[in-house]
Amino acid sequence: MFYREAGDFKTSYVDDSQTFPIKFDRWRYYAVLAVAFGVIPFLINDYWANAVFVPFLIYAIAAIGLNILTGYCGQVSLGTGGFMAVGAYACYKLMTAFPEVSILIHVLLAGGITAGVGVLFGLPSLRIKGFYLAVATLAAQFFLVWLFNKVPWFYNYSASGQISAPERTVLGHAVTGAATTASAKYLFCLVILFALAWLARNLTRGMMGRKWMAIRDMDIAAEIIGVNPLTTKLSAFAISSFYIGVAGALFFAVYLGAAEVGEAFGIQKSFLILFMIIIGGLGSIFGSFAGAAFMVLMPVLLKNVLVGQLGWATDLAAHVELIIVGALIMGFLIVEPHGLNQLWRLAKEKLRLWPFPH
Amino acid sequence: MKKSFATLAAAAIVAAATPAMADLNIPSLSYRTGPYAPGGIPYADGFADYFTLLNERDGGIGGEKIVVTECETAYNTEKGVECYEATKGSGALVYNPLSTGITYQLIPKVTQDGIPLYTPGYGRTSAANGKIFSNVFNFPANYWDGASVAIKYLLDENGGSLEGKKIALVYHNSAYGKEPIRTLQELSAKHGYELMEVPVDHPGQEQKSQWLQIRRDKPDYVLMWGWGVMNAVAIQEAANIRFPMENFIGVWWSGSENDVLPAGDGANGYKSLAMHGTGMDYPVYADLKQYVYDAGKSAGAGDQVGSVLYSRGMYAAAMIAEAARKAQELAGTSAINAAQMRDGFEALEVTEARMAELGLPNFGQPFAVSCEDHGGPGAAMIQQWDATAKKWNLITGFIAPDDEVLTPLVMEDSAAFAAENNIAERCN
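Residues numbered from 1 in each chain as written. Chains lettered and ligands numbered in written order. Predicted model: local features only at pLDDT ≥ 70, side-chain atom pairs only at ≥ 80, totals over all residues.

**Structural notes on the overall build of chain A**
Looking only at helices and strands, chain A features 15 helices and 4 strands. Taking 2.2 N^0.38 as the reference for a compact globule, 358 residues should give roughly 21 Å; the C-alpha atoms of chain A span a radius of gyration of 21 Å, in line with that estimate. Expressed along its principal axes, the backbone C-alpha trace of chain A runs to roughly 70 × 55 × 45 Å. Within chain A, the proportion of its 358 residues that are buried is 50%. Counting only contacts in chain A whose residues sit at least 6 apart along the sequence, the fraction spanning at least 24 positions is 76%. (Helix = DSSP H or I, 4+ residues; strand = E, 2+ residues; numbered from the N terminus. Rg over C-alpha atoms; globule rule 2.2 N^0.38 Å. Buried ≥ 20, exposed ≤ 12 C-beta atoms within 10 Å, placed from the backbone. Contact = placed C-beta atoms within 7 Å.)

In structure tokens:
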């Protein structure tokens, strides 16, 4: 009844090509933004920030990054954990080398450095495809983790190979280090996520995104109609790695505060983010959010229900949690192989027709 | 966005219903799942059982009941952060995460929140310098002490000289495993042995190439900094290449029954460091049996009683209880808070007489904590596995570490941390 194009007249090309063509969607989007920026920062506490919101926001950035590469450009990557590590270590080196510079700049620079590394490891994608490319990026994953373990310069020669984030500020408010307030952490990640998600959404709607999708759908056909595979694939690797690098920098500096590469950025992280975009939906920005939310919130929720509410033993709960999350993933993918995003799209189609489905 | 908000809302309802303020709340960030569970389970059981004993026998500490809230971390730092945030709101008095990675993460957080962090035998070694690390305590011994004790023992074995010997370090490739490297390098410069570093990546189930390297390079001794399944695999692999077991020494985290039993007779003669006694020959077990085991109040499956890591969990719990007693005495109230608990830790002195009163005579070394020294004396014993009797035998008394080498290292590392984080020295 409310969710339809009818009666919402567009009188200019700008109106016609806006991201949310349906009025209800637009209002929903503004409402979400208003809650995220105007309400949550005042209510958030340490537990909510550190256990729920901050990991969700950071994983959402990483998932958008991987979705650009895998979902939009069709290049399967298993090197996400390694690229996050590049972001984290770049951020750490910059933070400790230039303490007076704002952390926001360091985070963005860390993303830029990761973009460079991503392009380097993206070069094989010009020759190999599919599973073979996945294996090449897997090599990047293992190489990068090995590198950060092996070369002491990356962790400033600390005795244990751990990197820990000292206190750094943005506009006078600490956003890394122990003195950071929950709302500062949350807002810092939210602002970056908002800017990057907005950028990603518009990139994928524009010429660049269309080129990526053309390569994804059939690279030979794309080449014939004039899409340059070199620049297209490498731009996907660069932009994707930029996002993942930013996510890695935030993950280390804002969320964890200290990290060791094998544990925080190992192969399981690559898989986790790949699962996020598969469950959320390949080739969709909303899917990246939904997948990140599912993979971050589900375990926390189940743990709180099973241990906090039902009083189960912690080990039993942890095992049951794995079973339930696994079963849910399988269930979702059997019912809807295109992920949560497809469910959302179907819901929207139904809403358009409601209450007269035929 | 609809779905995520529904989930969020549900989580909100649940999170609001976490347990209310308890009398003495001591969270146990344990791990009973994952590749490190063989170490995590006995430790968590011993930790919980000791507090159950205090509750049942003495009615808690100073009349205040103790509530141990377990939170599963699976040795994972992200889950560790979540557990910390979930439990600190309910008035947590002290944290003991049994993970060096989680410890590194919690050091700035506990310092900010004013909660003590107790990491006996693990964690950040340089936290022994109380001038820099106000809220972290790692008595009675730490990794660098362990490395030094192992080398001292080998010196004794070799008539005071390790000149020309080759010693391999098989280590978990993480913050934990890398901790002793710097000490061993310094000691190798001093004693003239050659150090060979052999990293094993998480979780350590696959070590064929590492042991092949050891077979090829033939080190005289192998030291191991391993944890979880890595220990059992390493001991099995060492047995497979017929490495002489009496030349293979693990740190105290690589010396439990769960590590040697899978290798069967092959593990006979394997040695490890020990920072406390083990076995059931201590009077405290009579009370534990009466008030806990026979009353059906054991934590977990109750099958770990008396094992090395069970003893260690119990030892940690006993030291925390002693610190709480001290804190109650200093604060003049039984309902202490985290800041008072910290003061209790800093003023803690445990003598042999006190250990005997606790039912643990000749179990651990006596020590006194001070504002400057949070690390204790750091001595350790050597124990050896007897595969036929299935028993650890102590083969030395307490060996003191080489403080001449360690103290400058601790000072250097803590000074670097202080400089990086702008921390001023205390205790002046």
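The structure having been displayed, the exposition proceeds.
**With respect to the sheet that holds strand β8 (residues 248–250) of chain B**
Residue and element names in this part refer to chain B. Taken in spatial order, the 7 strands make up an open sheet running β6-β5-β7-β8-β9-β12-β13, and their pairing is mixed. Both edges of this open sheet fall to β6 (194–200) and β13 (391–394), since each of them pairs with a single strand only. Strand after strand, the sheet turns through a mean of 30 degrees between neighbouring axes, direction not considered. In terms of strand pairing, strand β5 (residues 166–172) meets strand β7 (residues 221–225) through 5 bridges, oriented parallel. Within the sheet, the bridge partner assigned to isoleucine 167 lies in β7 and is tyrosine 221. Packing against the sheet, helix α7 (residues 208–217) makes contact with β5, β6 and β7, and its axis sits at approximately 160 degrees to β6. (Pairing = 2+ DSSP bridges. Axes fitted to C-alpha atoms, helices over the stretch in contact; angles between N-to-C directions.)

**Quick look at the interface of chain B and chain A**
Residue-level contacts link 42 residues of chain B with 41 residues of chain A. Among the secondary structure elements, those contributing two or more residues to the side of chain B that touches chain A are α1 (2–15), β2 (66–72), α3 (77–88), α4 (100–113), α6 (175–191) and α14 (403–421) of chain B. It is α1 of chain B that provides the largest number of residues to the side of chain B that touches chain A, a total of 8 residues. Its residues assigned to classes, the side of chain B that touches chain A shows 14 nonpolar, 15 polar and 13 charged. (Nonpolar A, V, L, I, M, F, W, Y, C, P; charged D, E, K, R; others polar.)

**What about the packing of helix α13 (residues 285–309) of chain A against helix α14 (residues 314–335) of chain A?**
All names here are of chain A. Contact geometry for α13 and α14: axes closest at 9 Å, N-to-C directions at 135 degrees. Considered as vectors, α13 and α14 are oriented oblique to each other. Handedness of the crossing formed by α13 with α14: right-handed. Side by side, α13 and α14 meet where Met298, Pro299, Leu302, Lys303, Leu306 and Val307 of the first sit next to Thr314, Ala317, Val320, Glu321, Ile324, Val325 and Leu328 of the second. By residue class, the composition of the contact of α13 with α14 is 10 nonpolar, 1 polar and 2 charged. (Parallel < 35°, antiparallel > 145°, perpendicular 65-115°, else oblique. Left-handed = near helix turned anticlockwise from the far one by under 90°.)

**A closer look at the nonpolar core**
In terms of nonpolar packing, the biggest core is built from 246 residues, with Ile61 and Leu250 of chain A touching the most fellow members. Looking at this core element by element, the count peaks at 18 residues for helix α3 (residues 46–72) of chain A. Here this core spans two domains, and each of domain 1 (2–142 + 282–377) and domain 2 (143–278 + 380–407) of chain B adds at least three residues to it. Among all residues touching isoleucine 61 of chain A, those that are not within four sequence positions of it are Ile192, Leu193, Leu196, Tyr243, Val246 and Ala247 of chain A. (Core = buried A, V, L, I, M, F, W, Y, C linked by C-beta atoms within 7 Å. Domains from an automatic or database assignment.)

**Topic: the packing of helix α12 (residues 267–280) of chain A against α13 of chain A**
All names here are of chain A. The geometry of α12 relative to α13 is characterised by a closest axis approach of 7 Å and an angle of 120 degrees between their N-to-C directions. Taken together, the axis directions place α12 and α13 in an arrangement best described as oblique. Along this stretch, α12 crosses α13, giving a crossing that reads as right-handed. In contact with Leu272, Phe275, Met276, Ile277, Ile279 and Gly280 of α12, α13 contributes Gly287, Ser288, Ala290, Gly291, Ala292, Phe294 and Met295. Within the contact of α12 with α13, the residues separate by chemical class into 9 nonpolar, 4 polar and no charged.

**Some remarks on the environment of tyrosine 50 of chain B**
Residues and elements named next belong to chain B. In this structure, tyrosine 50 sits in helix α2 (residues 37–58). On a C-alpha basis, the gap between tyrosine 50 and glycine 34 in space is 24 Å, while along the polypeptide they are 16 residues apart. Among all residues touching tyrosine 50, those that are not within four sequence positions of it are Met314, Ala317 and Ala318.

**Some thoughts on the confidence of the model for chain A**
Of all residues in chain A, 99% have pLDDT values of 70 or greater, and the mean over the chain is 91. Ranking the elements of chain A by mean pLDDT puts helix α1 (residues 13–16) of chain A last, at 87, and helix α5 (residues 103–122) of chain A first, at 96. (pLDDT = per-residue confidence, 0-100.)

**Observations concerning the domain arrangement of chain B**
Residues and elements named next belong to chain B. According to the domain assignment, chain B consists of domain 1 (2–142 + 282–377) and domain 2 (143–278 + 380–407). On a C-alpha basis, the centres of domain 1 and domain 2 stand 27 Å from each other. Each partner contributes residues to the interface: domain 1 has 24 residues there, and domain 2 has 26 residues. Within the side of domain 1 that touches domain 2, the residues separate by chemical class into 12 nonpolar, 11 polar and 1 charged.

**Overview of the confidence of the model for chain B**
Residues and elements named next belong to chain B. Averaged over all residues, the pLDDT of chain B equals 90, while 95% of them reach at least 70. Ignoring residues within four places in sequence, the model shows residues 12–21, a span with pLDDT below 50, making 16 contacts including any to other chains. In the predicted assembly, ipTM is 0.87 and pTM is 0.91.

**What about unusual backbone geometry?**
Residues and elements named next belong to chain B. Here the bond from phenylalanine 139 into proline 140 is cis, since omega is 5 degrees, no more than 30 degrees from zero. Following the sequence through the fold, proline 140 ends up in the loop between β4 (136–137) and α5 (143–157). Here the bond from histidine 202 into proline 203 is cis, since omega is -5 degrees, no more than 30 degrees from zero. Secondary-structure assignment places proline 203 in the loop between β6 and α7.

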